[in-house]
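If you want the building blocks of each chain, they are given just below.
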Amino acid sequence: MDLSTKLWILFFPKLCRAFARSLPKLPLELTRCRLKTIAILLTTGVLASCAVAPTGSQPRDFFHDQLFVQPSEQINVGDVFAISSEMKRYLSTEIADQLRIKGLQQGLVDALYNQQQLKIRYDSTKTRNASETFHDRVGNCLSLSIMTAALAQELGMPVRFKSLVVDETWARNGNLYFSVGHINLTLSSKSTNILRKFDGSAQITIDFIPPGEVRGEHAHDLAKETVIAMYMNNRAAEALARGNVNDAYWWSREAITQAPEFLNPYNTLGVVYRRHGNLLEAERVLTYALRQEPENMRVMSNLAVVLNDLGRTADAQLLTARIEKRQPHPPYHFFGLGQAAMLAKDYSAASAFFEEELRRDEYNHEFHFWLAAAYAELGKLKLSHKHLAKAMEFSTTVKAREMYAAKFDRLKAYK
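Thresholds, definitions, all that
Residues numbered from 1 in each chain as written. Predicted model: local features only at pLDDT ≥ 70, side-chain atom pairs only at ≥ 80, totals over all residues. Heavy atoms only, no water. Helix = DSSP H or I, 4+ residues; strand = E, 2+ residues; numbered from the N terminus. Buried < 20%, exposed > 50% of the residue type's maximum accessible area, 1.4 Å probe, protein only. Areas by Shrake-Rupley, 256 points an atom, 1.4 Å probe, with all protein chains shown as cover. Axes fitted to C-alpha atoms, helices over the stretch in contact; angles between N-to-C directions. Parallel < 35°, antiparallel > 145°, perpendicular 65-115°, else oblique. Left-handed = near helix turned anticlockwise from the far one by under 90°. Contact = heavy atoms within 4.5 Å. Pairing = 2+ DSSP bridges. Phe/Tyr/Trp six-rings, centres within 6.5 Å; stacked < 30°, edge-to-face > 60°. Lys NZ or Arg CZ within 6 Å of the ring centre and 35° of its normal. Salt bridge = Lys/Arg side-chain N within 4 Å of Asp/Glu carboxyl O. Core = buried A, V, L, I, M, F, W, Y, C linked by side-chain atoms within 4.5 Å. Lys, Arg positive; Asp, Glu negative; His and termini not counted. Expected span 1.5 Å × (residues − 1). Polar contact = N/O pair within 3.5 Å; in protein donor to acceptor, adjacent residues only side chain to side chain.

**Student:** Got a minute to help me understand the overall build of the chain in this structure?
**Tutor:** Across its full length, the chain carries 19 helices and nine strands. Taken over 415 residues, the chain has a buried fraction of 54%. For the chain, the accessible surface area stands at approximately 17900 Å², while carbon and sulfur atoms represent 51% of it.

Spelled out as structure tokens, the structure:
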């Protein structure tokens, strides 16, 4: 397994996999959120890291501010769930009657996700805070989750976040690979019993993964501070994807500060240090994260890369052997073989590899696109047309959807 160029980060962009099945009246842009769990939202790595607080070193021991300049934008924790005057006006005037007639919970959910009202578009390019998501009418599912919670809290509704284990899915940007996680949130109505803070019998859970796909026995409540740390970690991952290592440092630093027990930002910080050329700092923070969670494949893979960079090839090979034993076919393994087959013009083999990757993640738009390309080369235009349509449906950014739509139109011309 060649791990010399791959770096792995847990990312929380999505709240849902099956928007359309759960809320059939959602606008088309939002139904594409059903792609995966992201981003926003958790995988087993998060669940384990939430179980116990790290011991030994303190978070500040891993910070090296002197290596970086100040971030290009202000990082303010209070902005994440802050509600704007525009949002307050929306609640008090535009949907006031709806809230009164339908009740706070159902009235709010209908207002946010009915295609006749806010018309929010889905785009995973950037994780926005509550007010940005509302103002721009666009966001990924972590953004939508945060915005929904902020509005609900403004109405006095208690909000609970919960992490759940779902099938692992992945996305990539260059040599950065993102593990996509899942959370949901529950809105509770005010209790009429003065001895209770909220009425547990009157709850609405906003979660768009069908119940059969969630292993609820591994669900855990999430503190608001952890959700904020997820937001910060997302922003760090997005900065890394843009090549802005400096900002990524400050975002991951703040994520650790907000929830020191949440291990994923430590992994991100290790990637930041590696990208910045600070190999010893990267090795130290990744070693710490792996001690806390010895079976974390993302951390293990990143540490193997760093150890190899440091010239500690024997140690890197030991970790690589552990990874190969536990994960002989890592994410994107068959995809890479498919791309190699495409270069060799062996389109039959390429299609088989892409089909194998899709069996592991049927909602990955990139896999559908390359399978469509292989089928087109084989003259199987009907199948190519089908998978290009899937690529367009499951794409997570406006730019990708526009690209697939253009190719889709060209392909239809051959029919």
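**Student:** Explain the packing of helix 12 (residues 279-292) against helix 13 (residues 297-309) here, please?
**Tutor:** A pair of packed helices is characterised by two quantities: the angle between their axes and the separation of those axes. The contact between helix 12 and helix 13 brings their axes to 9 Å, and the two run at 150°. Considering the angle they form, helix 12 stands roughly antiparallel to helix 13. Helix-helix and strand crossings are classified by hand; for helix 12 and helix 13 the assignment is left-handed. Where helix 12 abuts helix 13, its residues L279, A282, E283, L286, T287, A289 and L290 lie against V299, M300, N302, L303, V306, L307 and D309.

**Student:** What should I look at first to understand the pairing of strand 5 (residues 169-173) in this one?
**Tutor:** In the case of a regular strand, side chains alternate between the two sheet surfaces. One ladder, built from five bridges, connects strand 5 with strand 6 (residues 176-180); its direction is antiparallel. Residue pairing in the sheet places A171 in a bridge with F178 of strand 6. Connecting strand 5 to the next strand, strand 6, in antiparallel fashion are two residues, including G174 with a positive phi near 65°.

**Student:** Teacher, can you tell me more about the packing of aromatic side chains here?
**Tutor:** Two numbers describe a pair of aromatic rings. These are the distance of the centres and the angle of the planes. Under the criterion given, the structure shown has 20 aromatic pairs. Counting every residue linked through ring pairs, the aromatic cluster contains Y177, Y332, F335, F354, F367, F369, W370 and Y404. The ring centre of F134 lies 4.4 Å from the NZ or CZ of R137, which sits over that ring. Above the plane of the ring of F81 lies K224, whose end atom (NZ or CZ) is 4.6 Å from the centre.

**Student:** Help me understand the pattern of salt bridges in this model?
**Tutor:** Note on pairing: side chains with opposite charge can pair once their charged atoms come close. According to the stated counting rule, one finds 16 salt bridges in the structure shown. Among the salt bridges present, the one from K126 reaches E132, with a minimum N-O distance of 3.9 Å. A relative accessible area of 29% means that K126 is categorised as partly exposed. Given a relative accessible area of 26%, E132 falls into the partly exposed group. Salt bridges sharing partners connect three or more residues here, namely E73, R235 and E238.

**Student:** I keep staring at helix 6 (residues 104-113) and nothing clicks. Help me out?
**Tutor:** Every α-helix carries 3.6 residues per turn, so stepping three or four residues along brings you back to the same face. Taking burial as the measure, the ten residues of helix 6 include seven buried ones, the bulk of the element. All of the buried residues along helix 6 are Q105, G107, L108, V109, A111, L112 and Y113.

**Student:** Mind showing me how you'd approach the nonpolar core here?
**Tutor:** Among soluble globular proteins, nonpolar side chains are generally buried collectively. If you look at the biggest cluster of nonpolar residues, it comprises 47 residues, and the most contacted ones within it are F81, L108, I146, M147, L151, F161 and L187. With nine residues, helix 8 (residues 141-154) is the largest single contributor of residues to this core. With sequence-adjacent residues up to four places away left out, L151 is seen in contact with I83, M87, L91, L108, L112 and F134. Judged by nonpolar contacts, the second largest core, of 37 residues, contains F63, F68, V245 and A304.

**Student:** Mind showing me how you'd approach the pairing of strand 6 here?
**Tutor:** For strand 6, a buried count of five out of five residues is recorded, marking the element as mostly surrounded by other parts of the structure. Both faces of strand 6 are covered, namely the face carrying L176, F178 and V180 and the face carrying Y177 and S179.

**Student:** Can you help me understand the side chain of E254 in this one?
**Tutor:** Tracing the sequence through the fold places E254 in helix 10 (residues 245-258). Buried charge without a salt bridge: E254, with R253 as the nearest opposite-charge side chain at an N-O distance of 5.1 Å. Discounting residues that sit within four places of it in the chain, E254 has contacts with I75, V77 and M232.

**Student:** Would you take a moment to explain helix 8 for this structure?
**Tutor:** Along its 14 residues, helix 8 runs 20 Å from first to last C-alpha, staying within 8% of the 20 Å computed at 1.5 Å per residue. For helix 8, the tally of buried residues reaches twelve of 14 residues, placing the bulk of the element in the interior. All of the buried residues along helix 8 are C141, L142, S143, L144, S145, I146, M147, T148, A149, A150, L151 and A152. Structurally, the start of helix 8 carries an N-cap: the backbone nitrogen of L142 is 3.1 Å from a side-chain oxygen of N140.

**Student:** I keep staring at the environment of S188 and nothing clicks. Help me out?
**Tutor:** Residue placement: S188 occurs in strand 7 (residues 183-190). Given a relative accessible area of 1%, S188 falls into the buried group. A polar atom in the side chain of S188 sits 3.4 Å from the side chain of Q203.

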